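# Per-entry structural report
Residues per chain are reported as follows:
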Amino acid sequence: MAIDRDLENMSHAELEAVMEKARERMGALQRNRRSEVRAKVMDVIKNEGFTFDELFGATRGKTASGKPKTIVKPKYCNPADSTQTWTGRGKRPRWFQAALTGGKQESDLLIG
């Protein structure tokens, strides 16, 4: 191949530049391929009469690792204000802590 002869005559800096261009091109090809596959999958889902969320669950954003965040259903509800809910993950909300301090049990605050 002609590129092999060219590579033999390149300096370290030139080779680094070629490698960087190759990495960028590979990334662009992978992004394009990913978009094509995503479009095909969405077409199949739509043609079958479903939505993505129905099949795979609702997602919002991405985590630091790149995985999609899944929306977690609330587990607890404030008996004084049903619009205030909590999934049971993370720091306890003030209303939850106040209910426990007021004599409620966690099981009293469960939804359903």
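Residues numbered from 1 in each chain as written. Predicted model: local features only at pLDDT ≥ 70, side-chain atom pairs only at ≥ 80, totals over all residues. Heavy atoms only, no water.

## Examining the environment of Leu109
Filter applied, for reference: Helix and strand definitions here come from DSSP, where helices need a minimum of 4 consecutive H or I residues and strands a minimum of 2 consecutive E residues; each element is numbered from the N-terminal end. Exposure is judged per residue with a 1.4 Å probe applied to protein chains only, and the accessible area is read against the type maximum: over 50% gives exposed, under 20% gives buried, and values in between give partly exposed. Only heavy atoms matter for contacts: two residues are in contact if any of them lie within 4.5 Å across the pair.
Within the fold, Leu109 resides in the segment after helix H4 (94-101). Of the residues examined, Leu109 reaches a relative accessible area of 1% and is grouped as buried. Taking the C-alpha atoms as reference, Leu109 lies 8.4 Å from Ala99; in sequence the two are 10 residues apart. Excluding anything up to four places from it in sequence, Leu109 contacts Lys75, Tyr76, Cys77, Pro79, Trp95, Phe96 and Ala99.

## Observations concerning the environment of Thr85
With respect to the helices, strands and loops of the structure, Thr85 is situated in strand E4 (residues 81-86). Under the relative-accessibility criterion, Thr85 is labelled partly exposed at 36%. Among all residues touching Thr85, those that are not within four sequence positions of it are Pro74, Tyr76, Cys77, Trp95 and Ile111.

## A look at the nonpolar core
The nonpolar side chains of a soluble globular protein tend to be buried, and buried together. Rule in force here: Definition used in this section: a nonpolar core is a set of buried Ala, Val, Leu, Ile, Met, Phe, Trp, Tyr and Cys residues joined via side-chain atoms within 4.5 Å.
Core analysis: the biggest nonpolar cluster contains six residues, these being Tyr76, Trp86, Trp95, Phe96, Ala99 and Leu109. Of the residues forming this core, the biggest block, three residues, is contributed by H4. If sequence neighbours within four positions are ignored, Tyr76 has contacts with Gln84, Thr85, Trp86, Gly88, Trp95, Phe96, Glu106, Leu109, Leu110 and Ile111.

## Topic: the side chain of Asn78
To be explicit about the condition: Contacts described as polar in this section are N or O atom pairs within 3.5 Å, which, within protein, must combine one atom able to donate a hydrogen with one able to accept it, while residues neighboring in sequence count only if both atoms come from side chains.
Here Asn78 is to be found in strand E3 (residues 76-78). In terms of polar contacts, Asn78 uses its side chain to reach the side chain of Gln84, at 2.4 Å. For Asn78, the contacting residues outside a window of four places in its chain are Gln84 and Trp95.

## Some points on the packing of aromatic side chains
Any two aromatic rings considered together are summarised by their centre-to-centre distance and by the angle between their planes. Our working rule: Each pair of aromatic rings taken from Phe, Tyr and Trp, with Trp reduced to its six-membered ring, is defined by centres within 6.5 Å and is described as stacked if the planes are under 30 degrees apart, edge-to-face if over 60, and tilted in the remaining cases.
Evaluated as defined, the whole model comprises five aromatic pairs. Here the aromatic rings of Tyr76 and Trp86 are separated by 5.4 Å at their centres, their planes lie at 25 degrees, and the arrangement is stacked. Taken together, the residues Tyr76 in strand E3 and Trp86 in strand E4 connect sequence positions 10 residues apart. Accessibility classification places Tyr76 together with Trp86 in one group, the buried group. Ring-pair connections join several aromatic residues into one group, and the members of that group are Tyr76, Trp86, Trp95 and Phe96.

## Brief notes about the environment of Pro74
Within the fold, Pro74 resides in the loop between strand E2 (68-70) and E3. Along the backbone, Pro74 and Glu106 are 32 residues apart, and their C-alpha atoms lie at a distance of 13 Å. Not counting the four nearest positions on each side in its chain, Pro74 is found in contact with Thr85, Trp86, Thr87 and Ile111.

By themselves, these are just geometric observations and shouldn't be taken as functional.
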